Amino acid sequence: MTDLNGLAVYIETFGCQMNENDSERIAGLLAAAGARLADRPEESQVTIVNTCAVRAKSEEKLFSYLGRLRSLKKKTGLVVVLAGCVAQLRRDKILDRNPDVDFILGPDNYHRLPELLERRLGQPRVLTAWSKEWREDDRRHCLRRSPVSAFVTVMEGCDNFCAYCIVPFTRGREKFRPLRAVLDEVRTLAGEGYKEIQFLGQNVNSYRDPATGAVFRDLLTAADEIEGIEWIRFITSHPKNFNDDMAEAMARSSHVCRQIHLPLQSGSSAVLERMKRGYSRESYLEKIRGLRSLMPEICLSTDIIVGFPGETESEFSETLAALRDIRYANIFSFRYSPRPGTSAAKLTDDVPFEVKRRRLMEVQQTQKAIQTGIHEGFIGRTIRVLCQGKSKKDGRVYSGRSEGYQVVNFRSETDVIGRFVQVRITSSGPYSLRGELSGIP
Ligand code: SF4
């Protein structure tokens, strides 16, 4: 049996919820094998950098972080392991530019870490093999950051090859976790006191249980019946695969939150076609209308990319118009940057940087005004909030999320972390709501 004998390991995570959940799994695997988790690289013998390649910016951040580790390595002999998407994709460039990196590990190989660390890695320095099938780890050891809300991965990879996206090259093709394993994990989490779960996958809508063929709608329906889990969320849904059956399953359920992240990317059908997204502005709007007719209170969020190759001013203005029409509760917006190996990287990146910057600002200002208006509409209402934690500055200020995923801050004299509370909203800003605790059911 592997014994890491108190080896001090620090894990730094860049990127999305998938990466955060991978880091929680890695931490669990290593702790179960006898490692001690450190709070800072300076306190570790091994630092694992779990990387994200989706945006050029996260890749740049990674290279600057590696520069910082280099001086630490000189002083202390720190072992540096690069894991995750960038590791998978850019292994040769990384080894060329960063000879100090001791080991490179792709996302399908995390289960090998305890054994590799036991023999202090060694040769070859790269392990980036793919597996076509789902490999089920023992998730009992997953060390979750939150004691309240837990990520549960249901699938990995993507078959869609959107023109700008690197995920199919870093995470590989779609693989689905057996339904039985997903539901077992949810039951375990309910038993441990978790109140909320978030199903994760690059495209959860394409989920299909390898054994029975059950689809994501069936998974939601089955999870809805598990006692103890009050709120169920999922991310990410591809609009192309989101259908009426899924919307109806959400509407029928008692615990699936009236909230969905549905990445639009652009409000122009012509840009969507160049992005190879597989839906048009009209078909997307039709889905939103369907969702709102079933669940009028549903909160929507989205991703927007500005400055995709060839995006004209009039195409861009369709994105602004879509934001005003749909009135999302939240958006994540980005400037387009070409990612190596994608089909969009072969197009001329012809929208000047200054134009991308201005468009991004316009998107963010438009959305800020929309969010401000939505949040003002909450003032005077009492809403249910799941308390997630408290302020570091003031121990009586707690923070939680509403069912629609709005951040809600409030004061409480008693510790309510992990509990549902009623909060009467008294004021708001564009990014959060503030209120008074009015009840602890
Ligand atoms: S659906 Fe498109 S954007 Fe999403 S992960 Fe797959 S390729 Fe990337």
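Right above here is the structure, for reference.
Residues numbered from 1 in each chain as written. Predicted model: local features only at pLDDT ≥ 70, side-chain atom pairs only at ≥ 80, totals over all residues. Heavy atoms only, no water.

> Mind laying out the overall build of the protein chain, listing which residues take part and the relevant values?
Helices and strands together make up the secondary structure of the protein chain, namely 13 helices and 19 strands. Taking 2.2 N^0.38 as the reference for a compact globule, 441 residues should give roughly 22 Å; the C-alpha atoms of the protein chain span a radius of gyration of 22 Å, in line with that estimate. Each principal axis of the C-alpha atoms in the protein chain carries an extent, and together these give about 60 × 55 × 50 Å. When burial is assessed residue by residue, the protein chain has 54% of its 441 residues classed as buried. Across the protein chain, the fraction of contacts at a sequence separation of at least 24, relative to all contacts at a separation of at least 6, is 71%. Once the 66 positive and 57 negative side-chain charges of the protein chain are each reduced to a mean point, those two points are 4 Å apart. (Helix = DSSP H or I, 4+ residues; strand = E, 2+ residues; numbered from the N terminus. Rg over C-alpha atoms; globule rule 2.2 N^0.38 Å. Buried < 20%, exposed > 50% of the residue type's maximum accessible area, 1.4 Å probe, protein only. Contact = heavy atoms within 4.5 Å. Lys, Arg positive; Asp, Glu negative; His and termini not counted. Charge placed at Lys NZ, Arg CZ, Asp CG, Glu CD.)

> Now, about the site of the ligand: what can you tell me, with residues and values included?
Close contacts around the ligand come from Cys-158, Asn-160, Phe-161, Cys-162, Tyr-164, Cys-165, Val-167, Pro-168, His-238 and Arg-277, and that covers them all. In terms of residue class, the shell around the ligand is built from seven nonpolar, two polar and one charged. (Near = heavy atom within 4 Å. Nonpolar A, V, L, I, M, F, W, Y, C, P; charged D, E, K, R; others polar.)

> For the pattern of salt bridges, give the residues involved together with the corresponding values.
Applying the stated criterion across every chain yields a total of 30 salt bridges. A salt bridge links Lys-73 to Asp-102; the nearest nitrogen and oxygen atoms lie 2.6 Å apart. Of the two residues, Lys-73 sits in helix 2 (residues 56–76) while Asp-102 sits in the loop between helix 4 (91–97) and strand 5 (103–105), which places them 29 residues apart along the sequence. Salt-bridge contacts for Glu-196 lead to Arg-233; the nearest nitrogen and oxygen are separated by 2.8 Å. Taken together, the positions of Glu-196 in strand 10 (residues 196–200) and Arg-233 in strand 11 (residues 231–235) put the pair 37 residues apart, joining distant regions of the chain. The class of Glu-196 is buried, set by a relative accessible area of 0%. Since its relative accessible area comes to 2%, Arg-233 is described here as buried. Ionic contacts of the salt-bridge type, sharing partners, join the residues Glu-311, Glu-313, Arg-358, Arg-359 and Glu-362 into one network. (Salt bridge = Lys/Arg side-chain N within 4 Å of Asp/Glu carboxyl O.)

> Give me the packing of helix 7 (residues 179–191) against helix 8 (residues 216–224): which residues, what numbers.
Two elements in contact, helix 7 and helix 8, have axes whose closest approach is 10 Å; the angle formed by their N-to-C orientations is 30°. The angle between helix 7 and helix 8 falls in the class roughly parallel. Considering how the two elements wind past one another, helix 7 and helix 8 form a crossing that is right-handed. For the pair helix 7 and helix 8, contact is made by Leu-179, Val-182 and Leu-183 and by Leu-219, Ala-222 and Ala-223, respectively. Taken together, the residues of the contact of helix 7 with helix 8 sort by class into six nonpolar, no polar and no charged. (Axes fitted to C-alpha atoms, helices over the stretch in contact; angles between N-to-C directions. Parallel < 35°, antiparallel > 145°, perpendicular 65-115°, else oblique. Left-handed = near helix turned anticlockwise from the far one by under 90°.)

> Can you explain the environment of Val-148? Please cite residues and give values.
Of note, Val-148 is situated in the loop between strand 6 (126–127) and strand 7 (149–153). Once the C-alpha coordinates of Val-148 and Glu-174 are considered, the two residues, 26 residues apart in sequence, prove to be 29 Å apart. For Val-148, the contacting residues outside a window of four places in its chain are Tyr-194, Lys-195, Glu-196, Leu-386, Cys-387, Gln-388, Ile-417 and Gly-418.

> Let's hear about the packing of aromatic side chains: which residues, and what values?
Inspection of the entire model under this criterion finds 10 aromatic pairs. Seen in terms of ring centroids, Phe-161 and Phe-169 are 5.6 Å apart; in terms of plane orientation they differ by 75°. Their pairing is edge-to-face. For Phe-161, a relative accessible area of 31% translates into the label partly exposed. Assessed through its relative accessible area of 32%, Phe-169 is described here as partly exposed. The interplanar angle of 75° and the centroid separation of 5.2 Å between the aromatic rings of Phe-216 and Phe-234 together place this pair among those described as edge-to-face. Linking Phe-216 in helix 8 with Phe-234 in strand 11, this pair joins segments that are 18 residues apart in sequence. Assigned by exposure class, Phe-216 and Phe-234 land together as buried. Members of the aromatic cluster, each reached through a chain of ring pairs, are Tyr-164, Phe-308 and Tyr-336. Note that Arg-384 overlies the ring of Phe-420, its terminal NZ or CZ placed 3.9 Å from the centroid. (Phe/Tyr/Trp six-rings, centres within 6.5 Å; stacked < 30°, edge-to-face > 60°. Lys NZ or Arg CZ within 6 Å of the ring centre and 35° of its normal.)

> Please provide a residue-by-residue account of the sheet that holds strand 7, values included.
One open sheet holds the three strands; their spatial order is 7-10-11, and the pairing between them is parallel. Looking along the sheet, the strands with just one partner apiece sit at the ends: strand 7 and strand 11. The average undirected angle you get between the axes of adjacent strands in this sheet is 25°. Here strand 10 runs beside strand 11; their pairing, made up of five bridges, is parallel. What sits directly across from Gln-198, in strand 11, is Arg-233. In the packing of helix 1 (residues 17–32) onto the sheet, contacts are made with strand 7, strand 10 and strand 11, and the angle to strand 7 comes to roughly 95°. Together, strand 10 and strand 11 form the strand contacts of helix 8, whose direction differs from that of strand 11 by roughly 160°. (Pairing = 2+ DSSP bridges.)

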